[in-house]
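# Observations on the three-dimensional arrangement
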Amino acid sequence: MKIARNLPDLHAALDELGPVGLVPTMGALHRGHLSLVAAARQAGQPVAASIFVNPLQFGPSEDLARYPRDEAGDLAQLEQAGCDLVWLPDVATMYPPEAASTITVGGPATLWEGMMRPGHFSGVATVVAKLFGQVRPRAAYFGEKDWQQVQVIRRFTTDFLLPVEIVPVPTVRETDGLALSSRNRFLTPAERQTAPALHAALTRAASAIGSGDAVATSLDVAKQELIAAGMAPDYLALVGAETLEPLERLTRPARLIAAARLGSVRLLDNVPVD
Ligand code: PAF
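First, a word on scope: everything that follows refers to the structure included in this document.

When you go through the protein residue by residue, the secondary structure sums to 10 helices and nine strands. In terms of overall size, the protein behaves like a compact globule, its C-alpha atoms giving a radius of gyration of 19 Å where 274 residues would be expected to give roughly 19 Å. Principal-axis analysis of the C-alpha atoms gives the protein an extent of 55 × 40 × 40 Å. Going through the 274 residues of the protein one by one, you find that 51% of them count as buried.

The immediate surroundings of the ligand are formed by Pro24, Thr25, Met26, Asn54, Gln57, Val127, Phe142 and Gln149. Take Gln57: an N or O atom from its side chain is 2.6 Å from an oxygen atom of the ligand. In isolation the ligand has 290 Å² of accessible area, and contact with the protein removes 88% of it.

Our next topic: the pairing of strand β2 (residues 21-25). Burial within β2 is extensive, with five of its five residues counted as buried. Here five bridges tie β2 to strand β3 (residues 47-51), and the two strands are oriented parallel to one another. Paired with Gly21 across the strands is Val47, a residue of β3. In terms of handedness, the path from β2 via helix α2 (residues 31-42) over to β3 forms a crossover that is right-handed. Bridge count between β2 and strand β5 (residues 139-143): two bridges; the pairing is parallel.

It is worth spelling out the packing of aromatic side chains at this point. Scanning the entire structure with this criterion turns up three aromatic pairs. Measuring from centroid to centroid gives 5.3 Å for Trp112 and Tyr235, while their planes differ by 45 degrees, and the two rings are tilted. Within this pair, whereas Trp112 is found in the loop between α4 (91-94) and α5 (113-116), its partner Tyr235 is found in strand β7 (residues 232-240), the two being separated by 123 residues in sequence. Accessibility assignment for this pair places Trp112 and Tyr235 in one class, buried. Its end group placed over the ring of Phe186, Arg66 keeps NZ or CZ at 3.9 Å from the ring centre. Cation over ring: Arg255 sits above Trp147, and NZ or CZ is 3.8 Å from the ring centre.

Criteria and cut-off values
Residues numbered from 1 in each chain as written. Predicted model: local features only at pLDDT ≥ 70, side-chain atom pairs only at ≥ 80, totals over all residues. Heavy atoms only, no water. Helix = DSSP H or I, 4+ residues; strand = E, 2+ residues; numbered from the N terminus. Rg over C-alpha atoms; globule rule 2.2 N^0.38 Å. Buried < 20%, exposed > 50% of the residue type's maximum accessible area, 1.4 Å probe, protein only. Near = heavy atom within 4 Å. Polar contact = N/O pair within 3.5 Å; in protein donor to acceptor, adjacent residues only side chain to side chain. Areas by Shrake-Rupley, 256 points an atom, 1.4 Å probe, with all protein chains shown as cover. Pairing = 2+ DSSP bridges. Right-handed = clockwise from strand over helix to strand, strands pointing away. Phe/Tyr/Trp six-rings, centres within 6.5 Å; stacked < 30°, edge-to-face > 60°. Lys NZ or Arg CZ within 6 Å of the ring centre and 35° of its normal.

The following block contains the structure:
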């Protein structure tokens, strides 16, 4: 597995490998990330992963300083997973002092996480666009756990006609339903017991809405279930799968999305509604 820490090394490695599938990450890897590497490998191309904890997507009161970092462990996992190249840029490479451009995405980026975390999706879009420019992948792989993020990345990639296929990969879950996340390690043992209640509430509500129950009532029931479990829901909504606009009725492809606080951790999850 090749490791590149500067642009000349990255480009030399890419010259040898040819077009790659890119798995952008912020490190602290788990089985969810490895499923992205597996999906990229299945497409029969060399695979590059990037590890960069992107300061631009963290708000001033967010957890940038405590975001978990484990470079040696991440590299070992990527090598084991069959990754061909790891791109480890530093902050000065990604954000040189003279850089003066960021990307602002409208539409799906303005809702839910976009409202809760002002500037977050601009940070995500800017870093992902830079990674695309540096690595020039033929495809890039993102976890459906961050459903809204995938739609935002799809939106600006389409808007700017970037020649990269965006490939969403299904969420990897613990056996009790909890979606894998780098931040799960901050749950206390008691909170870890509670955390699967988010997926359980979403699954029940999706099934109720799918079988014709009123949307507003089903969402209220699910929110009450979260509160009863000890969580503080930030939002729980039925939304258009691509636009993220709230839906009052199930009239088109939809997703049930939620964010809820549990202790010091914000859990995000989503499920399809058929
Ligand atoms: O999902 C993530 O880990 C990050 O938001 C991403 C896409 C790597 C951009 O920093």
